[in-house]
Every structure is written in C-alpha cells, then in structure tokens.
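# Fold and geometry: a report
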Amino acid sequence: MPDTERPMRADARRNYERIVAAANDLFTTQGADVPLDDVAKKAGVGAGTLYRHFPTREKLFEAVYRDEITVLADRAFALHEELPPWEALEAWLRAQVTWVVERHKLATILKESIDSGSETFLYCQKRLREATGVLVEAAQEAGLVRPDVVGADVLRLGHGAGMAVRNCSPEDGERVLEVILDGLHA
C-alpha cells in the first residue's frame, strides 16, 4: 500500500489491490512492457484510476514487488505459528525455492526496475530477513539448526537453490534441498 497521510477509502483500496493483482498477472504472463492500459482494463478500472494510484510504471513495479514479498514473508510467519520449528523452516525453504523457480522472471524484472536503495527495496529486504530470522531462531532455540546460521544465510541458500534448479527435474530440486537442509542441521 502506498504511504499516505489519510487512509484510502474502501473503493480506492479495492481499485489499488485490483490494479496490483492485474499488473502482477500481466507482468508474469506477458512481460514488463505490457501496456498499462491493458493492466487497467484487466483490473476493471479506467486509465485515470490507474495513473492516480501509479503515476509511473516504476511505481507499479514497486507495488507489485512489495505485494509479492509481503505474501512470501507472511507465509514464513504463518508457518512459524502452525508448525514445529524444524518443519516450519523446512516448509519455508521449500516455499521460497518454489517462489524463486516460479517467479524468477517477474522478480528479476521488478528488481531491475527498483533502486536497491529505495524504500520499497529496503522494506522488502527487511521483511524477508525478519520472517526468515524468526524461523531460524526458533529452530536454533530447539537445538535443531547450527548456531552460526542467520536468516540471511537461509534466504541466500533458498534463492541460490531456486535459481540452480529452475530448469531441472523435481528430483534434482529435491536433492539440492535435502543437501541444504542437512547442512543447516545442528
């Protein structure tokens, strides 16, 4: 959501969310150069509504990236609440690798369009590190993960694994994940 002084009206919030969802879908299926009029049409809003929320393509990229990362980080927090520490960390790593495999083209486009020092990029980096850190710390407290591991390590491993196996068989991907998980064990 954009940072504003006043909260959005309910209809404006719905439009914002529909635009982000439509952009995410179209960027994923058609690429980053999809006409913004197509995004507005898919979202069921007029071009003026789209440009009121997102005056530039880059602002829309930022919103899509922030939304993707928020969903991914929220998954880690949910797993922390739902599962024992090791199972939560394992499920998170699998979810992260799956996300990288399925969304790497979109993520690459979005990251190339967003300044690495921007508020959005820093927010996303912080959010993922916090989410992963919660899982790593819980598993460490249970004596299940090496004490020298930090959340950023797991993020790097998951990203690397996802990039490495994106064109491989599911069996190859599973084997790489098992090697990583074995390496994390205390």
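I will try to describe carefully the structure that is included in this document. By convention here, each chain's residues receive numbers from 1 onward along its written sequence. Given that the model is predicted, a residue must reach a pLDDT of at least 70 before its local features are reported, and side-chain atom pairs must reach 80 or more before they are shown or counted; all residues, however, enter totals for whole chains, interfaces and linings. Working from all heavy atoms in the structure, the side-chain values ignore hydrogens and water.

### Quick look at the nonpolar core
Stated precisely, the cut-off is as follows: Nonpolar cores are built from buried Ala, Val, Leu, Ile, Met, Phe, Trp, Tyr and Cys residues. Side-chain atoms within 4.5 Å join them into one set. Think of it in three bands: with a 1.4 Å probe and only protein chains considered, a residue is buried below 20% of the maximum accessible area for its type, exposed above 50%, and partly exposed in between. For the purposes of this entry, the term helix denotes a DSSP run of H or I that reaches at least four residues, the term strand denotes a run of E that reaches at least two, and both are numbered from the N terminus.
Counting residues in each nonpolar core, the largest one holds 33 residues, and the members touching the most others are Leu89, Trp92, Leu93, Leu128, Val145, Val154 and Leu184. Secondary structure elements with two or more residues in this core: α4 (57–82), α5 (85–113), α6 (119–141), α7 (151–165) and α8 (170–184). Top contributing element to this core by residue count: α5, with nine residues. By size, the runner-up hydrophobic cluster in this structure holds 23 residues, among which are Met8, Phe27, Ala43 and Phe54.

### Notes on the packing of aromatic side chains
Applicable threshold: Ring pairs shown here join Phe, Tyr and Trp side chains whose ring centres sit within 6.5 Å, with only the six-membered ring taken for Trp; geometry is labelled stacked below 30 degrees between planes, edge-to-face above 60, and tilted in between. Only Lys NZ and Arg CZ are tested; either one counts as a charge over a ring when it is within 6 Å of the ring centre and within 35 degrees of the ring normal.
In this structure the tally under the stated criterion is two aromatic pairs. Across the ring face of Tyr123, the terminal group of Arg66 is positioned such that the distance to the ring centre comes to 4.1 Å.

### As for the packing of α7 against α8
Condition: Geometry is summarised by axes, namely lines fitted to C-alpha atoms with helices restricted to the contacting stretch, and by angles between N-to-C directions that run from 0 to 180 degrees. Comment on the angle field: the value is read as roughly parallel under 35 degrees, roughly antiparallel over 145, roughly perpendicular from 65 to 115, and oblique elsewhere. Crossing chirality is assigned from the near helix's rotation relative to the far helix, an anticlockwise turn below a right angle marking it left-handed and a clockwise turn marking it right-handed. Any two residues whose heavy atoms approach within 4.5 Å at even a single point are treated as in contact.
At their nearest, the axes of α7 and α8 sit 10 Å apart, and the two run at 160° to each other. The pairing of α7 with α8 is recorded here as roughly antiparallel in orientation. When the axes of α7 and α8 are compared, the crossing they make is right-handed. Across the interface between the two elements, Val154, Leu157, Ala161 and Val165 of α7 pack against Asp172, Gly173, Val176, Ile180 and Leu184 of α8.

### What to know about the pattern of salt bridges
Defined as follows: Whenever a carboxyl oxygen of Asp or Glu lies within 4 Å of a side-chain nitrogen of Lys or Arg, that contact is scored as a salt bridge.
A complete count under the given rule lists 11 salt bridges for this structure. A salt bridge links Lys42 to Asp25; its shortest N-O distance comes to 3.1 Å. Highlighted residues: Lys42 in helix α2 (residues 36–43) and Asp25 in helix α1 (residues 10–30), separated in sequence by 17 residues. Lys42 sits in the partly exposed class, given a relative accessible area of 46%. Taking relative accessible area as the criterion, Asp25 reaches 32% and is therefore assigned partly exposed. Glu119 is the salt-bridge partner of Arg66, the closest N and O atoms lying 2.6 Å from each other. Of this pair, Arg66 sits in helix α4 while Glu119 sits in helix α6, placing them 53 residues apart in sequence. For Glu119, a relative accessible area of 45% gives the class partly exposed. When salt bridges that share partners are traced, they join Glu90, Arg94, Glu174 and Glu178 into one network.

Any functional reading would require information that these geometric values do not contain.
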